[in-house]
Amino acid sequence: TSITALYKRTIKLYNHASPGHVNDPDMLEVGNGKLTPDENRAHFTLWCMMAAPLVLGNDLRRLSDGSSQSRFLIDTLTNKSLILIDQDPLVKAAKRIKKSAGLDILARPLANGDTALCFFNKSGKARQVEFDIDSLKEYKYLNFTRAAGNYEIHDLWSDDRYADTKITATVPKHGVAVYRISQ
């Protein structure tokens with residue numbers, strides 16, 4: 001609940017982020033409390049999409065016990081593809097471009113012309129999403145000016161890469177699906 005509240009407050013501040021100026025929703029709670037694996041990934045992803053400082057707020061001793069949970073948490077916190085999104089030199093935070101019935105769609109322009117796209121499912125059940133990538137052209141903030149055609153799509157959690165004009169995903173409850181789109 002507190003992570004979602006911090007997200008809701010910070011996502012509205014996207015236009016205040018710029019080089020040398022970032023929005024700070026609070027420290028990461030990944031690995032704390034009773035967050036599910038999907039909630040841990042969602043939390044980390046949302047902070048990366050918002051260009052937030054990635055300050056750990058968990059007990060580091062729990063990351064070194066060799067358990068499958070500690071390996072999962074380390075993999076989550078060291079996802080290089082998402083850290084690159086978070087630390088992109090353009091420092092433009094994600095903007096919520098669509099909101100409907102417990103699902104937020106966030107998009108963030110990146111310095112090399114790529115776009116980060118995230119589906120955040122706030123609801124208590126999995127959601128099917130189909131998204132036409134060309135629709136990103138509607139949002140001036142993104143400066144998405146590519147010609148229509150297949151885009152290179154990189155799923156930042158599975159590391160799958162493919163080419164298409166749309167993204168179809170099943171987003172778990174309280175979870176995310178996040179992509180880097182290039183042409």
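You'll find the structure just up there.
1. Digging into the pairing of strand 1 (residues 95-100)
Pairing geometry for strand 1 and strand 2 (residues 103-109), over five bridges, is antiparallel. Among the inter-strand pairings, K98 is bridged to a residue of strand 2, identified as I105. Here strand 1 folds back onto strand 2 in antiparallel fashion, the turn holding two residues, of which A101 has a positive phi close to 40°.

2. Some thoughts on the pattern of salt bridges
When the charged atoms of two side chains with opposite charge come close together, those side chains can pair. Throughout the structure, instances matching the rule amount to eight salt bridges. In this structure, the salt-bridge partner of E130 is K166, at a minimum N-O distance of 3.6 Å. Of this pair, E130 sits in strand 4 (residues 127-132) while K166 sits in strand 7 (residues 166-171), and the two are 36 residues apart along the sequence. What makes K166 partly exposed here is its relative accessible area of 34%. Across the pair K137 and D134 runs a salt bridge whose closest N-O atoms are separated by 3.7 Å. Taking relative accessible area as the criterion, K137 reaches 36% and is therefore assigned partly exposed. Residues joined by salt bridges that share partners form a network here, namely R96, D104 and K122.

3. What about helix 1 (residues 2-10)?
For helix 1, the set of buried residues is I3, L6, Y7 and T10. All buried residues of helix 1 lie within an arc of 100° about the axis, which places them on one face of the element.

4. Some words on the packing of helix 2 (residues 37-49) against helix 3 (residues 68-77)
Pairs of packed helices are described in terms of their axes, by the angle between the two and the distance that separates them. Interhelical geometry of helix 2 versus helix 3 gives an angle of 20° and a closest axis separation of 10 Å. Regarding the angle of helix 2 to helix 3, the classification is roughly parallel. Of the two possible hands of crossing, helix 2 and helix 3 adopt the one that is right-handed. Of the residues in helix 3, those in contact with P37, N40, R41 and F44 of helix 2 are F72, L73, T76 and L77. In the contact of helix 2 with helix 3, the residues fall into five nonpolar, two polar and one charged.

5. Considering unusual backbone geometry
Negative phi characterises most residues that are not glycine, and trans characterises most peptide bonds. Despite not being glycine, V91 shows a phi value in the positive range, around 50°. Mapped onto the secondary structure, V91 falls in the loop between helix 4 (80-86) and strand 1. For V91, a relative accessible area of 13% corresponds to the buried category. The residue H174 is not glycine, and still its phi comes out positive at about 55°. Within the secondary structure layout, H174 lies in the loop between strand 7 and strand 8 (176-182). What makes H174 partly exposed here is its relative accessible area of 30%.

Parameters at a glance
- Residues numbered from 1 in each chain as written.
- Predicted model: local features only at pLDDT ≥ 70, side-chain atom pairs only at ≥ 80, totals over all residues.
- Heavy atoms only, no water.
- Pairing = 2+ DSSP bridges.
- Helix = DSSP H or I, 4+ residues; strand = E, 2+ residues; numbered from the N terminus.
- Salt bridge = Lys/Arg side-chain N within 4 Å of Asp/Glu carboxyl O.
- Buried < 20%, exposed > 50% of the residue type's maximum accessible area, 1.4 Å probe, protein only.
- Arc of directions from axis to C-beta.
- Axes fitted to C-alpha atoms, helices over the stretch in contact; angles between N-to-C directions.
- Parallel < 35°, antiparallel > 145°, perpendicular 65-115°, else oblique.
- Left-handed = near helix turned anticlockwise from the far one by under 90°.
- Contact = heavy atoms within 4.5 Å.
- Nonpolar A, V, L, I, M, F, W, Y, C, P; charged D, E, K, R; others polar.

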